[in-house]
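# An overview of the molecular structure
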Amino acid sequence: MGILWTIIIGFLAGIVAKFLMPGRDPGGFIITTLLGIAGAFVATYLGAAVGWYRPGEGAGFIGAIVGAIVILAIYRMIAGRRTTV
């Protein structure tokens, strides 16, 4: 159930991250929400490694949004370079 909850929170975090980071995304809405899900997983496992969360505990909505924004920013930098060459 923890993984399903992380996916749902990540989906919502991806949508919020898209609204917080306006501009043109190279991948569109689907890629942005998938990056949000990835951000939630990164926030969950990084937070558990640092000691913010217990093992098996989800990152929470704010942590997932921060993770989604970080991954979305990295994706924009990488995808932006690829399209200009």
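Residues numbered from 1 in each chain as written. Predicted model: local features only at pLDDT ≥ 70, side-chain atom pairs only at ≥ 80, totals over all residues. Heavy atoms only, no water.

## Structural notes on the overall build of the chain
Condition: Helix and strand definitions here come from DSSP, where helices need a minimum of 4 consecutive H or I residues and strands a minimum of 2 consecutive E residues; each element is numbered from the N-terminal end. Exposure is judged per residue with a 1.4 Å probe applied to protein chains only, and the accessible area is read against the type maximum: over 50% gives exposed, under 20% gives buried, and values in between give partly exposed. We get accessible surface area from the Shrake-Rupley algorithm with a probe of 1.4 Å; when it comes to residues, only the shown protein chains can shield them.
Across its full length, the chain holds three helices and zero strands. Scanning the chain from its N terminus toward the C terminus, one meets helices and strands in the order α-α-α. Within the chain, the fraction of its 85 residues that count as buried is 32%. Carbon and sulfur atoms form 75% of the exposed surface of the chain, whose accessible area is close to 5,500 Å².

## Observations concerning helix α1 (residues 2–20)
Formally: The span you would expect from a helix comes to 1.5 Å times its residue count less one. The arc in question is the one traced by the directions running from the helix axis out to the C-beta atoms.
Taking 1.5 Å per residue as the helical rise, α1 with its 19 residues ought to reach 27 Å, and the 26 Å between its terminal C-alpha atoms agrees with that figure. Inspection of α1 places Thr 6, Ile 9, Gly 10, Ala 13, Gly 14 and Ala 17 among the buried residues, and these make up the whole buried set. Down the axis of α1, the sector holding all buried residues measures 155 degrees, keeping them to one side.

## Re helix α2 (residues 28–50)
Helical geometry note: an α-helix holds 3.6 residues per turn, so side chains three or four residues apart project in the same direction. With 23 residues, α2 ought to run about 33 Å at 1.5 Å a step, and its terminal C-alpha atoms sit 32 Å apart, in line with that. Every buried residue of α2 is accounted for by Thr 32, Thr 33, Leu 35, Gly 36, Ile 37, Gly 39, Ala 40, Ala 43, Thr 44 and Gly 47. Residue Gly 51 follows α2 closely and has a positive phi angle near 110 degrees.

## Considering the UniProt feature "transmembrane region" (unreviewed entry) in the chain
Counted only if it meets this: UniProt positions are given in the numbering used here, feature names are shortened, and annotations may be inferred rather than shown by experiment.
UniProt's feature table lists "transmembrane region" (unreviewed entry) at residues 6–21, 28–53 and 59–78, given in the numbering used throughout. Helix makes up 94% of residues 6–21 and strand 0%, with an end-to-end C-alpha separation of 21 Å. Secondary structure across residues 28–53 divides into 88% helix and 0% strand, with the first and last C-alpha atoms of the span separated by 31 Å.

## Let's talk about the confidence of the model for the chain
Quick note on the threshold: Scored between 0 and 100, pLDDT is the confidence that the predictor attaches to each residue.
Residues at a pLDDT of 70 or more form 81% of the chain, whose mean pLDDT is 76. Looking over the chain, one finds the lowest element-wise mean pLDDT in helix α3 (residues 61–84), namely 77, and the highest in α2, namely 80.

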